[in-house]
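One letter stands for each residue in the lines below.
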Amino acid sequence: MKLYLATTNAHKIVELESMLEDAGLGYEVHGADTLGGMPPVVEDQDTFTGNALKKARALAERLPEDGIALADDSGICIDAFDGAPGVYSARYAGEGASDEANLVKLISEMETVPDGQRGGRFVCRLAAVSATGQEAVFEGEIEGEILRERRGQNGFGYDPVFKPIGRNRTTAEMAPEEKAAISHRGRAMRAFTDWLSSFAQEL
Ligand code: IMP
């Protein structure tokens, strides 16, 4: 069985590949480029699950018969903003905005949010679609607090201001394995690898 990552986000590819390697499943892991690239997908669904499935289904069209397409849709949900930016996290500062522009906007929009009300969470949905048409979605979330200033150089996106509950450091101050052990993506990935083990036995 071969896994194909239905994303063009280099940061997600690094995290997903390393998590899959650590899981020790022994499957080949490929980028979408080995299938001619990630087909263009308009992420117009109003849920993470909807967008993740849309991306996985698009790449599944190109799968070899022993392939599974795996897509990640994720974002940050801020309590003080009723869960926004949520599915719009990648375009928070506008269509095509950089991670840097999105982070600058979040820090600025949260300037007036008082301490004690700065909670939020990272949310991840991983959608798996096999060449045989089987579909499954896996969930992972992590609760945290949004800091007023950046800390750390690791990770990507909103990591420099996201401090998980019960931790003293942001996810940008953590080593990749440490972030993966507690992160939204790590949790969803562990659910996926559990499913994959039983799915493989059915084949
Ligand atoms: P997507 O590619 O449409 O799923 O957008 C994901 C958005 O959420 C991007 O803006 C990312 O920066 C942000 N995001 C998702 N996961 C993480 C993470 O692990 N750390 C920081 N930001 C993240």
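A short tour of the structure in this document, coming up. This one's a predicted model, so the numbers in the text were calculated from it and none came from an experiment.

Basis of the calculations
- Residues numbered from 1 in each chain as written.
- Predicted model: local features only at pLDDT ≥ 70, side-chain atom pairs only at ≥ 80, totals over all residues.
- Heavy atoms only, no water.
- Helix = DSSP H or I, 4+ residues; strand = E, 2+ residues; numbered from the N terminus.
- Buried < 20%, exposed > 50% of the residue type's maximum accessible area, 1.4 Å probe, protein only.
- Pairing = 2+ DSSP bridges.
- Axes fitted to C-alpha atoms, helices over the stretch in contact; angles between N-to-C directions.
- Contact = heavy atoms within 4.5 Å.

**A word on unusual backbone geometry**
Okay, step 1: Here the amide bond leading from A84 into P85 is cis, since omega sits at 0°, within 30 degrees of zero.
Okay, step 2: Within the secondary structure, P85 is located in the loop between β3 (67–78) and α3 (99–109).
Okay, step 3: Although it is not a glycine, D82 adopts a positive phi angle of roughly 55°.
Okay, step 4: Checked against the element boundaries, D82 lands in the loop between β3 and α3.
Okay, step 5: Its relative accessible area of 76% is what places D82 among the exposed residues.

**Let's talk about the sheet that holds strand β2 (residues 28–31)**
Okay, step 1: Here six strands make up an open sheet; going across it, the order is β2-β1-β3-β4-β5-β6 and the pairing mixed. Unpaired on one side and paired on the other, β2 and β6 (162–164) mark the two borders of the sheet. In this sheet, neighbouring strand axes are inclined to one another by 35° on average, regardless of whether the strands run parallel or antiparallel.
Okay, step 2: With four bridges connecting them, strand β1 (residues 2–5) and β2 associate as parallel partners. Looking at the pairing, K2 lines up with E28 of β2.
Okay, step 3: Packing of helix α1 (residues 10–23) onto the sheet brings it into contact with β1, β2, β3 and β4 (119–130), and relative to β1 it is tilted by some 160°.

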